[in-house]
Amino acid sequence: MSDLIEFSIDGATVQAGPEETIWRVAKRNSVEIPHLCYAPKPDYRPDGNCRACMVEIQGERVLAASCLRKPTPGMIVTTNNERAKKAQSLVMELLVTDQPKREVAHDKQSHLWQWADKLNVESSRFEAREAPAMDISHPAMQVALDACIQCNLCVRACREVQVNDVIGMANRGHTSQIVFDQGDAMGASSCVACGECVQACPTGALMETNMVDDKGVAKYANPASELTQTDSVCPYCGVGCQLTYNVKDNVIVSVRGKEGTANQNRLCVKGRFGFDYVKHPHRLTKPLIRIDKSTKRGDIDLDPSNPLTHFREASWEEALDLAGGGLKSIRDEHGSNALAGFGSAKCSNEEAYLFQKLVRTGFGTNNVDHCTRLCHASSVAALLEGVGSGAVSAPFTAVKDSDCVIVIGANPISNHPVAATFFKQAAKNSTLIIMDPRKTEFQRHAKHMLQFKSGSDVAMLNAMLNVIITEELYDEQYVSQYTEGFENLKKHIVDFTPEKMEPICGIDAKTLRTVARTYANSRASIIIFWGMGISQHVHGTDNARCLIALSLITGQVGRPGTGLHPLRGQNNVQGASDAGLIPMMLPDYRLVDVDDLRSRFEDAWGTKLDPQRGLTVVEIMHAIHDDEIKGMYIMGENPAMSDPDVQHARDALAELDHLVVQDLFLTETAFYADVILPASAWPEKDGTVTNTNRQVQLGRQALTLPGDSKQDWWITQEIAKRLDLNWSYGHPKDVFAEMGTVMPSLNNISWDRLEREDAVTYPCQAPDQPGSEIVFTNGFPTPSGKAKLVPADVIPPDELPDVDYPMILTTGRQLEHWHTGSMTRRADVLDQIEPEAVASISPKMLMDLEIEAGEKIRVSTRRGILELKTRSDTGVPDDVVFIPFCYAEAAANTLTNAALDPVGKIPEFKFCAARVESVQ
């Protein structure tokens with residue numbers, strides 16, 4: 001029996017699904033009905049308050065709001081008779097009454113004015129209300145309530161789509177109006193500047209500041225025709241939001257979220273307002289050659305706006321000859337292992353693939369790495385060991401199908417804001433469990449918040465495993481069929497009772513048992529997400545092993561709403577890792593020291609490859625100090641800011657005989673370069689990236705390159721030529737085609753397909769089929785087909801607090817800034833919102849230290865000292881100080897510990913002993 005409902009619209013017989021409204025069916029059948037308070041976009045529910053969409057239904061006395069009304073069999077709907085049209089026009093006239101005149105409108109082509117034109121409403125006979133004052137307090141957005149029709153779209157955008165709960169309605173009757181928080185100015189409110197309200201507003205009451213002049217009047221009479229639209233992907237975090245650049249005169253004037261698979265129109269503050277860095281005056285536009293090598297020594301004293309104090313401009317031919325020739329000379333004189341390369345997760349898949357291929361075939365070494373070594377290397381190590389794959393088993397959008405969601409060691413509201421919207425929505429109907437040493441705004445959506453002691457993850461997770469196994473809450477059938485090592489794990493966790501782990505992790509035994517039972521008894525579907533709070537420890541691999549075990553013993557893998565998902569930090573850290581930008585693995589995670597795996601690439605690339613695993617990021621810095629590595633090529637990475645014990649890294653860079661840096665700006669790393677090659681920003685290039693969901697997405701060039709800068713893939717190819725490699729790629733799509741021949745993960749994903757579809761998830765079984773979002777449905781890609789359960793012991797952090805350094809330092813990101821800040825701190829809006837470095841400390845600790853919030857303090861560890869302002873933060877434990885690592889003037893990694901996880905080789909950024917004192 002069919003669920004379709006047959007009825008009539010304007011004399012035509014149509015069919016509706018059981019949940020479709022009259023308006024949606026009309027739109028699907030090309031029947032236009034006015035609408036203002038309804039946005040036909042994901043997660044925007046109809047509200048029916050503007051009454052612009054009224055239609056007549058035969059036999060009913062009053063008109064009906066078509067955005068709300070669902071059809072019934074045989075219903076006869078008329079959208080265009082005199083009665084319906086008169087009602088629609090009257091509503092539009094009433095709304096136009098209070099609008100600014102068209103010639104001074106904030107958005108001359110707003111949705112409202114477009115419908116006014118279609119209904120031939122140019123003016124109003126009614127008396128206008130007094131216009132509210134304009135609010136220009138926010139650096140990115142203008143609030144002009146004289147254009148507000150109180151459609152509530154911005155309220156739904158903020159409360160229901162982004163789930164930020166900042167915008168509401170205040171007062172009653174004719175005095176009612178949109179407010180931020182408790183009637184605050186937008187700039188003083190808790191608004192996180194995602195811009196969802198601006199994108200939703202149908203009138204221009206909420207606008208990007210860039211789109212209006214200083215009087216609040218639209219700069220563009222018809223943006224759709226005056227601006228060039230280019231679809232691409234956000235270059236910041238691993239969510240991979242699709243977006244559309246609006247460009248005028250080679251400048252991005254605004255950005256709109258696109259209905260991509262990962263974001264469904266949503267963006268965060270960085271993705272919407274963080275693109276003017278590409279036009280910053282600091283941008284490098286000509287190749288540079290160092291004047292005097294002796295100036296590398298000492299502290300960084302270079303003004304990024306004036307590189308000519310230390311460098312001179314050069315032609316591309318001279319710069320490339322010196323860059324490539326210097327690397328070749330070191331290779332030929334000292335051997336291949338005297339060279340190393342750092343690629344970047346900010347670059348495309350094609351650029352990452354070419355870079356690692358250059359290091360392996362041109363340098364002749366596997367000394368190639370990138371930022372995955374500093375974020376999720378331990379997660380990948382545990383996943384490869386346990387389930388045979390380093391990627392996520394389900395996308396973050398799978399939370400909609402989950403009954404129970406665990407988020408541990410992650411602050412997605414700051415680090416993955418758009419993914420966080422899906423978590424917050426899911427939390428309304430499922431059990432959200434948050435585990436983190438630091439409380440955040442995210443916790444208000446959670447049923448359970450486990451604020452465990454820093455560095456005690458394994459103790460807490462082993463206690464949960466103990467409860468699930470000893471109380472026989474595990475899935476016996478799944479364990480037997482799909483896992484190995486269970487008996488060993490069962491014996492191992494006997495001593496890790498909640499009572500014994502309570503003093504170690506700081507969570508009482510009763511809570512540990514409750515959460516373990518809640519997790520294990522949520523049989524329908526459970527998904528685990530984790531961030532760098534799990535991975536950036538000397539026991540990071542053990543942390544991930546415990547999470548994998550929790551998922552496997554309960555059978556929560558391979559079905560909708562289940563799985564394991566380490567939230568990737570940078571926009572292409574997944575793709576760069578897939579492409580082989582890591583020292584022990586070739587593309588698609590083929591181990592370099594396995595002969596038959598390596599030989600496939602030797603055949604494809606026509607050369608012998610080094611069979612020895614290469615050095616990782618931190619190991620390379622040690623090797624420079626040991627005079628083993630003498631030359632480096634660094635593309636888009638900034639180890640002089642991102643490495644632990646950063647002074648050690650800076651001293652290493654200064655020691656190099658030859659350093660080539662390819663970047664957008666004169667970064668802290670570029671200060672140590674012998675040759676600097678001006679590169680391309682993401683909006684200036686074509687290329688693919690792979691997000692945290694395994695979605696391969698196509699970015700498209702929207703801007704021309706500034707000055708004499710060049711495409712990154714072209715620069716790498718030119719250096720390759722100077723290392724005797726005969727490369728002749730003409731476009732990134734040529735590189736992508738080659739990748740497809742050596743990377744099975746890209747099977748059935750062609751460049752042409754991406755141009756048509758924008759994104760395809762891997763693995764993909766056929767060119768005409770969607771990719772597989774959920775994997776491991778029938779076993780695992782391991783030799784036995786089973787997943788491996790690996791026990792973990794409680795291992796303390798490398799450096800514990802003591803009398804001299806009684807506090808714990810932990811580091812991370814902020815919402816507004818990203819990675820080392822070289823891009824976001826050159827984005828005007830982002831830098832206005834968070835302009836300076838701060839150290840977050842609990843109010844109690846500030847009181848104990850007799851320090852006022854906002855006062856300058858001195859934070860010391862055994863590696864260095866920083867001076868910066870304090871910020872009071874109730875979410876930070878009393879014994880912890882949190883510092884974001886994006887501020888060059890207060891580089892947090894001056895203080896961090898370079899101790900490594902022995903398996904993942906990742907530094908312990910999340911824990912070291914520290915001392916805090918007032919500068920006064």
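Structural data are supplied above this passage.
Here, residues in each chain are numbered from 1, in the same order as that chain's written sequence. The predicted nature of this model means local features are confined to residues of pLDDT at least 70 and side-chain atom pairs, given and counted, to a pLDDT of 80 or more, with totals for whole chains, interfaces and linings taken over all residues. Calculation of side-chain values draws on the structure's entire complement of heavy atoms; hydrogens and water are dropped beforehand.

This part is about the packing of helix 2 (residues 82-97) against helix 3 (residues 111-118). Relative to each other, helix 2 and helix 3 sit at 135°, their axes nearing to 10 Å. The orientation of helix 2 with respect to helix 3, classified from their angle, is oblique. Crossing angle aside, the handedness with which helix 2 passes helix 3 is left-handed. Contact with helix 2, carried on its side by Met-92, Leu-95 and Val-96, involves Leu-112, Trp-113, Trp-115 and Ala-116 of helix 3 and no other residues of that element. To obtain each axis, a line is fitted to C-alpha atoms, and for helices this fit is confined to the stretch in contact; angles are then taken between N-to-C directions over 0 to 180 degrees. Labels follow the DSSP assignment, with helices taken as runs of H or I lasting at least four residues and strands as runs of E lasting at least two, numbered in each case from the N terminus. An angle below 35 degrees is read as roughly parallel, one above 145 as roughly antiparallel, one from 65 to 115 as roughly perpendicular, and any other as oblique. Definitions for this section: a left-handed crossing has its near helix turned counterclockwise from the far helix by less than a right angle. A right-handed crossing has that turn clockwise. Residues are treated as being in contact if the distance between any of their heavy atoms lies within 4.5 Å.

For side chains bearing opposite charge, pairing can occur when the charged atoms are close. For this analysis, a salt bridge means a side-chain nitrogen from Lys or Arg found within 4 Å of a carboxyl oxygen belonging to Asp or Glu. Tallied over the full model, the rule gives 57 salt bridges. The shortest N-O distance in the salt bridge between Asp-47 and Arg-156 comes to 3.9 Å. Taken together, the positions of Asp-47 in the loop between helix 1 (22-28) and strand 3 (54-57) and Arg-156 in helix 4 (residues 153-161) put the pair 109 residues apart, joining distant regions of the chain. Through salt bridges with shared partners, one network takes in Arg-45, Asp-47, Arg-156 and Glu-160.

Moving on, we get to the packing of aromatic side chains. Here the aromatic set is Phe, Tyr and Trp, taking the six-membered ring for Trp, and pairing holds for ring centres within 6.5 Å; pairs whose planes are under 30 degrees apart are stacked, those over 60 apart are edge-to-face, and all others are tilted. Counting across every chain of the model gives 17 aromatic pairs. Their ring planes at 50° and their centres at 5.7 Å tell us that Phe-396 and Phe-422 sit as a pair that is tilted. One end of the pair, Phe-396, is in the loop between helix 10 (377-387) and strand 17 (404-408); the other, Phe-422, is in helix 12 (residues 417-426), with 26 residues separating them in the sequence. Of the two residues examined, Phe-396 and Phe-422, each falls in the buried class. An aromatic cluster is defined as three or more aromatic residues linked by ring pairs; in this entry it consists of Tyr-236, Tyr-245, Phe-275 and Trp-818. Whether a charge sits over a ring comes down to the Lys NZ or Arg CZ being within 6 Å of the ring centre and within 35 degrees of the ring normal. The ring of Phe-671 is capped by Arg-290, whose NZ or CZ atom sits 5.6 Å from the centre of that ring. One Lys or Arg, Arg-826, reaches over the ring of Phe-665 and ends 4.3 Å from the middle of that ring. Relative accessible area decides the class of each residue, using a 1.4 Å probe on protein chains only: under 20% of the type maximum gives buried, over 50% gives exposed, and in between gives partly exposed.

With that settled, consider the sheet that holds strand 21 (residues 526-530). When DSSP locates at least two bridges between a pair of strands, those strands are taken to pair. On the basis of which strands lie adjacent, the open sheet formed by five strands has the order 19-18-17-21-22 and parallel pairing. Each having just a single partner strand, strand 19 (448-450) and strand 22 (563-566) make up the two edges of the open sheet. Taken over all neighbouring pairs, the strand axes of this sheet differ in orientation by 15° on average, direction set aside. Relative to strand 19, strand 18 (residues 431-435) is paired through three bridges, and the arrangement is parallel. Residue pairing for strand 19: Ile-433 is matched across the bridge by His-448. With respect to the sheet, helix 17 (residues 509-521) is in contact with strand 17, strand 18, strand 19 and strand 21, its orientation differing from that of strand 19 by roughly 130°.

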